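Each chain is listed here by its residues.
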Amino acid sequence: MTNDLQLYTSKEVMGLLGVSESTLWRRIKDGTIPTPTKIAGLRRWRHADLAQMIADATPEPAHPVRKRSRAA
């Protein structure tokens, strides 16, 4: 179980999301990735913010399409 108060560095976020540093900051600017919190001048991302971002980006499972039977 991960603590919702856990904080991540930019390198950890880049590794978690599989993005480069330039992509990380571009996505922060466009709102895709949450803005980090500043603590004592250091930028950190809260686990809860990242988990919510991932949950919001995860698509709902598609409903199965029923095949219509052909009338003979």
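In the block above lies the structure referred to throughout.
Here is a short report on the structure shown in this document. Predicted, not measured: the structure shown is a model, and the values here were computed from it. (Residues numbered from 1 in each chain as written. Predicted model: local features only at pLDDT ≥ 70, side-chain atom pairs only at ≥ 80, totals over all residues. Heavy atoms only, no water.)

**What to know about the overall build of the protein chain**
Defined as follows: Each helix is a run of DSSP H or I of at least 4 residues and each strand a run of E of at least 2, with the numbering of both proceeding from the N terminus. Burial classification: accessible surface area is computed with a 1.4 Å probe over protein chains only, and a residue below 20% of its type maximum counts as buried, one above 50% as exposed, and the rest as partly exposed. In this description, contact between two residues means that some pair of their heavy atoms is separated by no more than 4.5 Å. The method behind every accessible area is Shrake-Rupley, applied with a 1.4 Å probe, and residues are considered shielded solely by the protein chains displayed.
Scanning the protein chain for helices and strands turns up three helices and three strands. Listing each helix as α and each strand as β along the protein chain from the N terminus yields β-α-α-β-β-α. By residue count, 19% of the 72 residues in the protein chain fall in the buried class. For the protein chain, the share of sequence-separated contacts (at least 6 apart) that also reach a separation of at least 24 residues comes to 43%. Working note: accessible area of the protein chain is about 6200 Å², and carbon and sulfur atoms make up 53% of it.

**With respect to the packing of aromatic side chains**
Under the convention used in this document: Working definition: rings of Phe, Tyr and Trp (its six-membered ring) pair if their centres are within 6.5 Å, and the pair is stacked with planes under 30 degrees apart, edge-to-face with planes over 60 apart, and tilted otherwise.
All chains considered together, the criterion is met by one aromatic pair. With a centroid separation of 5.8 Å and an interplanar angle of 55°, the aromatic rings of Trp25 and Trp45 are classed as tilted. Of this pair, Trp25 sits in helix H2 (residues 21–30) while Trp45 sits in strand E3 (residues 42–46), and the two are 20 residues apart along the sequence. By relative accessible area, which is 1% here, Trp45 ends up buried.

**Some words on the pattern of salt bridges**
Defined as follows: Between Lys or Arg on one side and Asp or Glu on the other, a salt bridge is scored when a side-chain nitrogen of the former is within 4 Å of a carboxyl oxygen of the latter.
According to the stated counting rule, one finds one salt bridge in the structure shown. Between Asp49 and Arg46 there is a salt bridge whose closest N-O contact spans 2.9 Å.

**Digging into the sheet that holds strand E1 (residues 7–8)**
As a reminder, the rule being used: Strand pairing is assigned whenever DSSP detects at least two bridges linking the two strands. Axes, fitted as lines to C-alpha atoms, cover a helix only where it is in contact. Angles between the N-to-C directions of the axes lie from 0 to 180 degrees.
Spatially, three strands are ordered E1-E3-E2 in an open sheet, and the strand pairing comes out antiparallel. The open sheet is flanked by E1 and strand E2 (37–39), the only strands paired with a single partner. Where E1 meets E3, two bridges bridge the pair, whose relative direction is antiparallel. Its bridge partner lying in E3, Tyr8 is registered against Trp45. Of the strands in this sheet, E1 and E3 touch helix H3 (residues 47–57), which is tilted by about 50° from E3.

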